[in-house]
Amino acid sequence: MNIREAAQERTTALRVSGMTKAFGPRRALDGVSFDVDSGEFVALLGPSGAGKTTLFRCITGLARPDRGSVQLANDENRGETRGSRRCERRRVAVVFQQFNLISRLTALQNVLAGRLGFVPVWRGFLRCFSRADRILALECLDRVGLLGHAGQRADTLSGGQQQRVAIARALAQRAEVVLADEPVASLDPQASAGILELLRGICQENNVAVICSLHQVHLAREYADRIIGLDQGRIVVDVPAAAFDGGAISRLYQPGATVKNSSKPD
Ligand SMILES: Nc1ncnc2c1ncn2[C@@H]1O[C@H](COP(=O)(O)OP(=O)(O)OP(=O)(O)O)[C@@H](O)[C@H]1O
Ligand SMILES: [Mg+2]
């Protein structure tokens, strides 16, 4: 599928509705709702403590929200059996700032881990992946420029290479939604640009929805289609990246510029 065809096929890939999560008296998320289309690259911005990581954890099921729901495309019949939960989980891939990979496994084995949702549990446990899975994993490593590092242990790869392996794993998983939580936080400017190029590439060419949290406004404006700004657990900005101007920046980052979350102590 070429880029134009992918753009034409855009549908809602992810719908987050009324997501609310409190830790004690503190509301980390307060009624967060938004849709993301397949093929759309959303940058999630917001000051430290705004709720970005909590939002990702609630979307993936790593944290249980107090209220709200997550819907993926065509999942009206979302069941609650173990098999269906496993099936749902593999549709969303996560790339974290660190702790992305199993350090003692090779790059290739880490990418194959993306196929675990597709093989019976006992085969995954025994690491008995099919030939087709192995070829797919190698193709994904090639896609991120690391075919030559397939046999290298993950903990000996550079930070940027580790992020690339995590992206290859998401590709191998054939995820429809990729959540990247500060994937460039510990990388130099050149490696950061490379990772964001890659994420934008899989977004456009594979029609994957990407939500990427960042602290660098200039990178969000350069790479994203749309910017969502979160402050104190609420969406205070949701605009096309080109419209993220000085006014939007101060709404998001200037203390007191937004409505205070009433459940939080002043
Ligand atoms: N497990 C937890 N227990 C208690 N409070 C938590 C927990 N996880 C998050 N919080 C609180 O929820 C709020 C949102 O945290 P979160 O990590 O989502 O912010 P963030 O936007 O990802 O920040 P950063 O940009 O620094 O990564 C913070 O006030 C944080 O202290
Ligand atoms: Mg965070």
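Residues numbered from 1 in each chain as written. Chains lettered and ligands numbered in written order. Predicted model: local features only at pLDDT ≥ 70, side-chain atom pairs only at ≥ 80, totals over all residues. Heavy atoms only, no water.

Peer 1: Pulling in residues and values, what's your account of the pattern of salt bridges?
Peer 2: The final tally for this structure, using the stated rule, is 10 salt bridges. Across the pair Arg27 and Asp30 runs a salt bridge whose closest N-O atoms are separated by 2.7 Å. Residue Asp30 is classed as buried on the basis of its relative accessible area of 13%. Two residues, Arg143 and Glu205, come together in a salt bridge whose shortest N-O distance is 3.1 Å. Of this pair, Arg143 sits in helix α6 (residues 131-143) while Glu205 sits in helix α8 (residues 189-206), and the two are 62 residues apart along the sequence. Classification of Arg143 by relative accessible area gives partly exposed; the value is 34%. Residue classification places Glu205 among the partly exposed residues on the basis of a relative accessible area of 41%. (Salt bridge = Lys/Arg side-chain N within 4 Å of Asp/Glu carboxyl O. Buried < 20%, exposed > 50% of the residue type's maximum accessible area, 1.4 Å probe, protein only. Helix = DSSP H or I, 4+ residues; strand = E, 2+ residues; numbered from the N terminus.)

Peer 1: Please provide a residue-by-residue account of the sheet that holds strand β8 (residues 226-231), values included.
Peer 2: Ordered in space as β5-β6-β7-β3-β8-β9, the six strands form an open sheet in which the pairing is mixed. Each of the sheet's edge strands pairs with one partner strand only, and the pair in question is β5 (92-95) and β9 (234-240). Adjacent strand axes in the sheet meet at a mean angle of 20°, parallel and antiparallel pairs treated alike. In the packing of helix α2 (residues 52-60) onto the sheet, the strands contacted are β3 (41-45), β5, β6 (177-181), β7 (209-213) and β8, and the crossing angle to β6 comes to about 150°. (Pairing = 2+ DSSP bridges. Axes fitted to C-alpha atoms, helices over the stretch in contact; angles between N-to-C directions. Contact = heavy atoms within 4.5 Å.)

Peer 1: Mind laying out the site of ligand 1, listing which residues take part and the relevant values?
Peer 2: In the vicinity of ligand 1, 13 residues are found, and the nearest of them are Ser48, Gly49, Lys52, Thr54 and His215. A distance of 2.9 Å is found between an oxygen atom of ligand 1 and a backbone nitrogen or oxygen belonging to Gly51. Contact with the protein chains covers 60% of the free accessible surface of ligand 1, which is 640 Å². Sorting the residues of the shell around ligand 1 by element identifies β2 (26-37) and α2 as the ones contributing at least two each. Residues of the shell around ligand 1, tallied by class, amount to four nonpolar, six polar and three charged. (Near = heavy atom within 4 Å. Polar contact = N/O pair within 3.5 Å; in protein donor to acceptor, adjacent residues only side chain to side chain. Areas by Shrake-Rupley, 256 points an atom, 1.4 Å probe, with all protein chains shown as cover. Nonpolar A, V, L, I, M, F, W, Y, C, P; charged D, E, K, R; others polar.)

Peer 1: Tell me about the pairing of β7, and name the residues and values.
Peer 2: For β7, a buried count of five out of five residues is recorded, marking the element as mostly surrounded by other parts of the structure. Neither face of β7 is exposed, since Ala209, Ile211 and Ser213 on one face and Val210 and Cys212 on the opposite face are all buried. Note that β3 and β7 share four bridges and pair parallel. Looking at β7, one finds that Phe41 is bridged to Val210. The pairing of β6 with β7 spans five bridges and is parallel. Of the residues in β7, the one forming a bridge with Ala180 is Cys212.

Peer 1: Quick one: what's the story with α8, residue by residue and with numbers?
Peer 2: Across its 18 residues, α8 extends 25 Å between first and last C-alpha, which sits within 8% of the 26 Å expected from 1.5 Å per residue. Among the residues of α8, Ser192, Gly194, Ile195, Leu196, Leu198, Leu199, Gly201, Ile202 and Cys203 are the ones counted as buried. Looking at the buried positions of α8, the neighbouring elements they touch are β3, α6, α7 (159-172), β6, β7 and α9 (217-223). Asn207 sits one or two residues past α8 and shows a positive phi near 60°. (Expected span 1.5 Å × (residues − 1).)

Peer 1: Explain the confidence of the model for the chain to me, and be specific about the residues and the numbers.
Peer 2: Put simply, the chain has an average pLDDT of 86, and 82% of its residues get 70 or more. Mean pLDDT values over the elements of the chain span from 54, in helix α3 (residues 82-89), up to 98, in β3. pLDDT under 50 marks residues 257-266. Its contacts with residues more than four places away, or in other chains, come to 22 contacts. (pLDDT = per-residue confidence, 0-100.)

Peer 1: I'd like a description of α7, backed by residues and values.
Peer 2: Here α7 is 14 residues long and its end C-alpha atoms lie 20 Å apart, about the 20 Å a rise of 1.5 Å per residue gives. For α7, the tally of buried residues reaches 11 of 14 residues, placing the bulk of the element in the interior. For α7, the complete set of buried residues consists of Gly160, Gln161, Gln163, Val165, Ala166, Ile167, Ala168, Arg169, Ala170, Leu171 and Ala172. Those residues of α7 hidden inside the fold are in contact with β5, α4 (107-112), α6, β6 and α8. The first or second residue beyond α7 is Arg174, which carries a positive phi of 55°.

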